[in-house]
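# A look at the structure
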Amino acid sequence: MKLSNFLFSLFFFTGFLWGVQVEGSIHHHHHQHSQYQQSYKNDQKKHQIYGFKPTKLFVFGDSYADTGNNRKSVANSWKQPYGVTFPGKPSGRFSDGRVLTDYLAKFLGVKSPVPYRWMKYATNRLRYGINFAYGGTGVFNTLVPEPNMTTQIDFFQKLMADSVYTKADVQSSLFLLALAGNDYGAYLFNGGKTQDLPAFITSVVNQLVVNMRRVNELGAKKIAVTSLEPLGCLPQSTVFNSFQQCNATENIAVDFHNSLLQQAVVKLNNETMGSTFVILDLFSSFTTLLDRKGVPGSTRFETPLKPCCMGISNEYACGSMNEKGEKMYTVCNNPKSAFFWDRVHPTEAGWHAVYTTLESIHSKKKLTFH
């Protein structure tokens, strides 16, 4: 599969189906799974980062971090069978259950921050932070009419100006900037040339650095940014070889992005004379789990490249319905046995495994979170 074809396919990243109305209203669920509860208790004792204990989590990014900001009328994340594991119905998360944001919040010992679009309905949750991430977005404008990361940070800055959050709040919080590849899908879809891709990747990372620096200048003392996951291992790419192996060519572009990001973070930390910025290494975490088919002695993913929820053909996606209201997708028997939920997003079990592996990776790099 050519790099250009792969990037073109990225525009499916949010799993959007335009023009399909989704009925229902948002509900706040307080029940937790026992595994999650026990893990939450265990993490209470170790949620310091470099000896720093964040009291809030602020999130900017895309569908890997979004917990319900996308509009119900356009996002598959508000359709069945999304949310089937947690909270038992669609909640705006691009998974069968919890996503990266939820696990990072649990790790810190705070509740998952409320999505920005719903903040006025959950003012009691503002003390845990806010999630500004919108599925399908990037550092630049992409193929969805949702706020890019610059605008997301604008939203946060407005809340500071309105005294919803103080400088002290900002200084005692963790900021997550999550980026999973939508800029690249939009680039090729809009006619960008493959030979110019390295220059565009450079511009994406440069803009991400501008965003990180801006958040730091607003007072943030701890800023985490995700490395790009192995895009060549997403089911939308591995479907072409029956989910048997990752596309190495695609991952070369990912390596370039991550290399530039690594260099930039080193430079930023030198500028701030500390360990303000840290990379959450999704690339290493994903590849480790996919290679080992899970976490030894804990979680097993028999066919890790195959998604749990799939359209019955290429023209359909997870959550698709036809004009008669019939399901045009299939769901595996046990989402806990699958790493990927749909074409691009991990299952809750997948994200839990990523979270577990991240702890191990960062401990080895002496970038420990506790």
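Data block above holds the structure.
Below is a short write-up of the structure. Only a predicted model underlies this, so the values are computations on that prediction, with no experimental measurement involved.

## Looking at the packing of helix α6 (residues 182-189) against helix α7 (residues 197-217)
- Taken N-terminus to C-terminus, the directions of α6 and α7 make an angle of 140°; their axes are 11 Å apart at the nearest point. As the angle between them shows, α6 and α7 are arranged oblique. In the crossing of α6 with α7, the sense of the turn from one axis to the other is right-handed. In contact with Asp183, Tyr184, Tyr187 and Leu188 of α6, α7 contributes Leu197, Phe200, Ile201 and Val204.
- Across the contact of α6 with α7, the residue classes break down as seven nonpolar, no polar and one charged.

## Quick look at the environment of Val278
- Relative to the helices and strands, Val278 is located in strand β6 (residues 277-280).
- Val278 sits 51 residues away from Ser227 along the chain, and the two C-alpha atoms are 10.0 Å apart.

## What about the pattern of salt bridges?
- Within this structure, the stated rule accounts for nine salt bridges.
- Where Asp162 meets Lys158, a salt bridge forms, and the shortest distance between an N and an O atom there is 2.7 Å.
- On the basis of relative accessibility, which here comes to 44%, the residue Asp162 falls in the partly exposed class.
- Accessibility expressed as a relative area gives 48% for Lys158, which makes it partly exposed.

## Topic: the packing of aromatic side chains
- In total, this model carries 26 aromatic pairs according to the counting rule given.
- Note on Trp78 and Trp118: the rings are 6.1 Å apart at their centroids and 65° apart in plane angle, and the pair reads as edge-to-face. Residue Trp78 is located in the loop between β1 (56-60) and α3 (100-108), and its partner Trp118 is located in the loop between β2 (114-115) and β3 (130-131); the two are separated by 40 residues in the primary sequence. For the pair shown, Trp78 and Trp118 are each scored as buried.
- Here the aromatic rings of Trp118 and Tyr121 are separated by 5.8 Å at their centres, their planes lie at 45°, and the arrangement is tilted.
- Pairwise contacts between aromatic rings join Phe58, Phe60, Tyr116, Phe132, Phe155, Phe156, Tyr165 and Phe175 into one cluster.
- Sitting above the plane of the Trp78 ring, Lys72 keeps its charged end 4.8 Å from the centroid.
- One cation-aromatic arrangement involves Arg98 over Phe86; the distance from NZ or CZ to the ring centre is 3.8 Å.

## Quick notes on the state of the cysteines
- With the rule as written, the count across this model stands at three disulfides.
- Across the disulfide, Cys308 is cross-linked to Cys332 (sulfur-sulfur distance 2.1 Å). Where Cys308 bonds to Cys332 through sulfur, the torsion about that S-S bond is close to -95°, and the disulfide is left-handed. One end of the pair, Cys308, is in the loop between β8 (299-300) and β9 (309-311); the other, Cys332, is in the loop between β10 (329-331) and α11 (348-364), with 24 residues separating them in the sequence.
- Judged by its relative accessible area of 4%, Cys308 falls in the buried class.
- Judged by relative accessible area, which is 25%, Cys332 ranks as partly exposed.
- Here Cys309 connects covalently by a disulfide to Cys318, the sulfurs 2.0 Å from one another. Disulfide Cys309-Cys318: the torsion about the S-S bond is 95°, which places it as right-handed.

Rules used in this analysis
- Residues numbered from 1 in each chain as written.
- Predicted model: local features only at pLDDT ≥ 70, side-chain atom pairs only at ≥ 80, totals over all residues.
- Heavy atoms only, no water.
- Axes fitted to C-alpha atoms, helices over the stretch in contact; angles between N-to-C directions.
- Helix = DSSP H or I, 4+ residues; strand = E, 2+ residues; numbered from the N terminus.
- Parallel < 35°, antiparallel > 145°, perpendicular 65-115°, else oblique.
- Left-handed = near helix turned anticlockwise from the far one by under 90°.
- Contact = heavy atoms within 4.5 Å.
- Nonpolar A, V, L, I, M, F, W, Y, C, P; charged D, E, K, R; others polar.
- Salt bridge = Lys/Arg side-chain N within 4 Å of Asp/Glu carboxyl O.
- Buried < 20%, exposed > 50% of the residue type's maximum accessible area, 1.4 Å probe, protein only.
- Phe/Tyr/Trp six-rings, centres within 6.5 Å; stacked < 30°, edge-to-face > 60°.
- Lys NZ or Arg CZ within 6 Å of the ring centre and 35° of its normal.
- Disulfide = S-S within 2.5 Å.

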